[in-house]
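# Secondary and tertiary structure notes
Residue strings, one per chain:
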Amino acid sequence: MTSASATPTLLTQRLQSIDALRGLVILFMLLDHVRETFFLHRQVSDPMTIDVTEPSLFASRTLAHLCAPVFVLLTGLSAWLYGEKYQGRSDVSAFLFKRGLFLVVLEFTLVNFAWTFQLPPSVVYMQVIWAIGVSMIALSLLVWLPRPALFALGAAIIAGHNLFDGLHFGVESALHVPWAILHDRGWLEVSDTLRLRTSYPVLPWIGVIALGYCIGPWFARGSEAGERQHRLLLAGVIALLGFMVLRIYNGYGEAPWSGYPTVTQTLMSFFNITKYPPSLLFLALTLGCGLLLLRAFERAGLARWISALAVFGAAPMFFYLLHLYVLKLLYLACVALLGLNHGDYFGFDSIASVWLSAVLLAVALYLPVRWFARLKARRRDLRWLKYF
């Protein structure tokens, strides 16, 4: 039995593990965005082309695959915890709708400008913040379903959406726009001067956020840590076993893998998965790893490295906006001072430089992110802070 004096520590461990996992994938995201800024001359396809992708670049990009699934899963989990803290599903629904709408607006304004520095924009990229926002709006309606029904719906979306991979609608069809938003990544022509890119089709992400909400009760106040960790272990192992079986079968929702002259390339082919939209295998692999990492972080307790990761995870939107603008300004400064050195781009010559830059940026951004996270925790009266 846990003593009353120990309860706050256990509660801190329970919730800090969530922030720490979010912090870890934020650092993976930083690495990937450094790659997309300073290694753009070596852009990769989706899925990647094994013959022309070196293992270090493949590994860097594959690590970043964890980001969006873990973000969206934890968004659903955090929504459940928000309802436990306040007045239940009514408050959750209202908060999800408002925050989802806020994220959609943010994607079309500050986020898109950070990528393009173009005003007015000629292209708007509907990326991960858009997908999270739309998923939150969808969940604001779905939270009224019974938990078993919500779980079944989320699992069905994740497992079944690849059945529609061959379904496409031309621009003349009334279904072209909704289907491009839901499942079929493409371009939407708004006017002669503006196009929208549905980079993150949202249907699979709605399934992920629903599953995240469904595992919320595992983290309820008073829940037994050992039981929660057992469930996380079981769910993570089932997801990874499902990935292995389906990938070996090589037949559903994913480009087939094949043998290559080297073991490294064969393994790369095996783990070469599709993100846009995320295939069943993509989500099984990344969510399985995410659940096991969440268990490992809780078991690590209040270690200093867990606390450091949790700083990044405590203010995710602040970090997201900050790092995008820092990267854009750094890139423009390099072009101004050093010029273009890879055709139309300025870029690093090796992936090692990408990693080193990501580490240095993480260190540089730690203090401002910690300041904002502490401000957010201290000023509960400033309601707008919770959106970041």
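Residues numbered from 1 in each chain as written. Predicted model: local features only at pLDDT ≥ 70, side-chain atom pairs only at ≥ 80, totals over all residues. Heavy atoms only, no water.

## Describing the packing of helix α8 (residues 203-214) against helix α11 (residues 280-299)
α11 packs onto α8 with a crossing angle of 30° between their chain directions and a minimal axis gap of 12 Å. Between α8 and α11 the crossing geometry is right-handed. Contacts between α8 and α11 involve Pro204, Trp205 and Val208 from the former and Phe282, Leu283 and Leu287 from the latter. (Axes fitted to C-alpha atoms, helices over the stretch in contact; angles between N-to-C directions. Helix = DSSP H or I, 4+ residues; strand = E, 2+ residues; numbered from the N terminus. Left-handed = near helix turned anticlockwise from the far one by under 90°. Contact = heavy atoms within 4.5 Å.)

## Here we look at the sheet that holds strand β2 (residues 187-191)
What the 3 strands build is an open sheet, ordered β1-β3-β2; its pairing is mixed. Looking along the sheet, the strands with just one partner apiece sit at the ends: β1 (123-125) and β2. Taking each pair of neighbouring strands and ignoring which way they run, the sheet shows an average axis angle of 20°. Looking at chain direction, β1 and strand β3 (residues 194-197) are connected through 3 bridges and run parallel. What sits directly across from Tyr125, in β3, is Arg197. With respect to the sheet, helix α4 (residues 89-116) is in contact with β1 and β3, its orientation differing from that of β1 by roughly 105°. (Pairing = 2+ DSSP bridges.)

## Here we look at the environment of Phe113
If you trace the backbone, Phe113 turns up in helix α4. According to the relative accessible area criterion, Phe113 is partly exposed, its value standing at 27%. Sequence separation between Phe113 and Lys85 is 28 residues, and the spatial gap between their C-alpha atoms is 35 Å. Setting aside its immediate chain neighbours within four residues, Phe113 contacts Gln118, Leu119 and Tyr325. (Buried < 20%, exposed > 50% of the residue type's maximum accessible area, 1.4 Å probe, protein only.)

## Some remarks on the pattern of salt bridges
Under the defined criterion, the tally for this structure stands at 8 salt bridges. One salt bridge connects Arg22 with Asp19, and the closest N-O pair in it is separated by 2.8 Å. Of this pair, Arg22 and Asp19 both sit in helix α1 (residues 7-38), separated by 3 residues, roughly a single helical turn. A relative accessible area of 23% means that Asp19 is categorised as partly exposed. Where Glu189 meets Arg195, a salt bridge forms, and the shortest distance between an N and an O atom there is 3.9 Å. The partly exposed category is assigned to Arg195, whose relative accessible area is 30%. Sharing partners across several salt bridges, the network here consists of Asp32, Arg35, Glu36 and Arg61. (Salt bridge = Lys/Arg side-chain N within 4 Å of Asp/Glu carboxyl O.)

## Comments concerning the pairing of β2
In this sheet, β3 lies alongside β2 in antiparallel orientation, the contact comprising 4 bridges. Residue pairing across strands places Trp187 opposite Arg197, the latter belonging to β3. Connecting β2 to the next strand, β3, in antiparallel fashion are 2 residues.

## Things to note about unusual backbone geometry
Across the junction of Leu119 and Pro120, the peptide omega takes the value -5°, indicating a cis bond. Looking at the secondary structure, you find Pro120 in the loop between α4 and β1. The omega torsion across Tyr276 and Pro277 is -10°, close enough to zero to call that bond cis. Topologically, Pro277 is positioned in the loop between α10 (263-270) and α11.

## Looking at the nonpolar core
Grouped together as the largest cluster of nonpolar side chains are 119 residues, with contacts concentrated most on Val34, Leu139 and Trp205. With near-sequence residues (within four places) excluded, Val34 lies in contact with Phe39, Leu327, Phe348, Val354, Ser357, Ala358 and Leu361. (Core = buried A, V, L, I, M, F, W, Y, C linked by side-chain atoms within 4.5 Å.)

## Regarding the packing of helix α5 (residues 128-142) against α8
Two elements in contact, α5 and α8, have axes separated by 9 Å at closest approach and are oriented at 55°. As far as their axial angle goes, α8 and α5 are oblique. Handedness of the crossing formed by α5 with α8: right-handed. Together, Ala131, Ser135, Met136, Ala138, Leu139 and Leu142 of α5 and Trp205, Ile206, Ile209, Ala210 and Tyr213 of α8 make up the contact between the two elements. A breakdown of the residues in the contact of α5 with α8 according to their chemical character gives 10 nonpolar, 1 polar and no charged. (Parallel < 35°, antiparallel > 145°, perpendicular 65-115°, else oblique. Nonpolar A, V, L, I, M, F, W, Y, C, P; charged D, E, K, R; others polar.)

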